[in-house]
Amino acid sequence: IPVPSIDKQRSLLSEYYMLLAKASKAKEMGIHLENSINDTIYNLLEITLPTSSEKNKYGLHFLKHSKCDKWSVDYLLNKNSCDFIETTKYPIAHAKQFICDCQYGLSDKASKEKIGIPVLRMNNIQNSSIDISDIKYLPEDTKAIDKYVLNNGDLLFNRTNSKELVGKTAVFSFQEKYVFASYLIRVVIDPNIADVNYINYLFATKIIRSQIDLLSRQILGQANINVDELKSLRFPLPPLTVQREIVAIVNDIKIKADNCMKEAIELEKYASKRFEEAVFGEA
């Protein structure tokens with residue numbers, strides 16, 4: 001083991017820990033920026049979140065028959081938990097008002113072998129974006145596969161997963177040919193009414209998450225949302241110009257957050273490289 005002088009050891013460690021501290025600070029800033037996105041959206045839409053969602057649901061409750069739009073005790077007891085959406089100054093629209101089409105994906109078994117057409121699955125939707133680090137493929141001669149080819153601007157909706165993950169979304173924006181698997185729903189948004197990226201970002205907020213949690217049915221640990229329930233979701237719908245302004249602001253925050261995370265990774269790598277070069281250079 002190379003053993004520099006004790007002063008040199010302390011100097012090397014001082015520089016190493018200083019670089020790691022900078023990396024940690026950059027990572028913390030990235031996380032802070034990412035976590036600030038939803039609050040930014042609430043502020044821009046002027047939505048006031050409830051101070052507490054914890055209410056006593058025990059005992060005897062009465063509800064008018066006219067208010068029973070779904071035969072579910074949990075749903076009926078908690079349906080008012082989404083009323084905070086109406087604090088926005090903008091009109092509220094059901095998703096069916098701006099959805100042109102919905103389509104379930106392919107159920108054919110995909111392979112890791114890199115032959116054929118790549119297929120996006122629910123694990124490829126991460127943080128409102130598409131992650132293709134783990135991808136599978138379907139043969140090009142798969143029956144009716146052309147019906148499932150994704151178009152630029154399609155919104156992918158994860159219809160089944162754990163309760164926390166059902167309802168994840170991402171916008172498809174690749175030039176290459178991709179198809180999508182059965183646990184996903186392709187949602188086509190009318191661009192004259194809603195910006196697909198605005199809708200995508202809202203799916204990650206409490207505005208939509210609270211509704212999905214209310215509607216999703218849990219079976220054997222898996223929660224599910226069908227097309228009719230998807231279309232019933234309520235969205236604050238400002239003019240398109242305002243939607244695009246919100247998207248631009250969120251995109252800017254995401255870029256800054258990504259840059260911070262990249263800086264953290266580079267600093268960690270540089271710290272290790274500097275330390276190793278200095279130590280072995282002494283040998």
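Up top you'll find the structure we're talking about.
Residues numbered from 1 in each chain as written. Predicted model: local features only at pLDDT ≥ 70, side-chain atom pairs only at ≥ 80, totals over all residues. Heavy atoms only, no water.

Details of the packing of aromatic side chains
Counted according to the given criterion, the structure contains nine aromatic pairs. With a centroid separation of 5.3 Å and 50° between ring planes, the pair formed by Y16 and F275 is classed as tilted. Residue Y16 is located in helix α1 (residues 6-45), and its partner F275 is located in helix α6 (residues 240-282); the two are separated by 259 residues in the primary sequence. Relative to Y178, the ring of F174 lies with its centre 5.4 Å away and its plane at 50°, an arrangement referred to as tilted. Given a relative accessible area of 23%, F174 falls into the partly exposed group. (Phe/Tyr/Trp six-rings, centres within 6.5 Å; stacked < 30°, edge-to-face > 60°. Helix = DSSP H or I, 4+ residues; strand = E, 2+ residues; numbered from the N terminus. Buried < 20%, exposed > 50% of the residue type's maximum accessible area, 1.4 Å probe, protein only.)

Topic: the sheet that holds strand β7 (residues 155-158)
The pairing of strands in a sheet comes from backbone hydrogen bonds and takes either a parallel or an antiparallel form. Strand order across the open sheet formed by four strands is β2-β11-β7-β9, with antiparallel pairing between neighbours. A single partner strand is all that each edge strand has here, and the edge strands are β2 (99-104) and β9 (169-171). The mean angle between the axes of side-by-side strands here comes to 25°, regardless of whether they run parallel or antiparallel. Judged from the five bridges that link them, β2 and strand β11 (residues 184-189) form a sheet pairing that is antiparallel. The residue bridging Y104 from the neighbouring strand is I185, located in β11. (Pairing = 2+ DSSP bridges. Axes fitted to C-alpha atoms, helices over the stretch in contact; angles between N-to-C directions.)

Some details on the sheet that holds strand β10 (residues 179-180)
Spatial strand order, β6-β3-β10: three strands in an open sheet with mixed pairing. Of all strands in the sheet, those bounded by a partner on one side alone are β6 (136-138) and β10. Two strands pair when backbone bridges link them, and strand β3 (residues 117-120) and β10 are joined in this way by two bridges, in the parallel orientation. Each residue of the ladder has a partner; that of L120, found in β10, is F180.

Here we look at the pattern of salt bridges
Summed over all chains, the structure comprises 12 salt bridges. Look at the salt bridges and you will find they share partners, linking K112, R121 and D134 into a network. (Salt bridge = Lys/Arg side-chain N within 4 Å of Asp/Glu carboxyl O.)

Description of α1
Under the 1.5 Å per step criterion, the end-to-end length of α1 is 59 Å for 40 residues, consistent within 8% with the ideal 58 Å. Along its length, α1 reaches its greatest deviation from straightness, about 35°, at I37. Every buried residue of α1 is accounted for by L12, L19, A23, A26, G30, L33, I37, T40, I41, Y42 and L45. A positive backbone phi angle near 55° is found at E46, which sits one or two residues after α1. (Expected span 1.5 Å × (residues − 1). Bend = angle between axes of the 7 residues up to and from the residue.)

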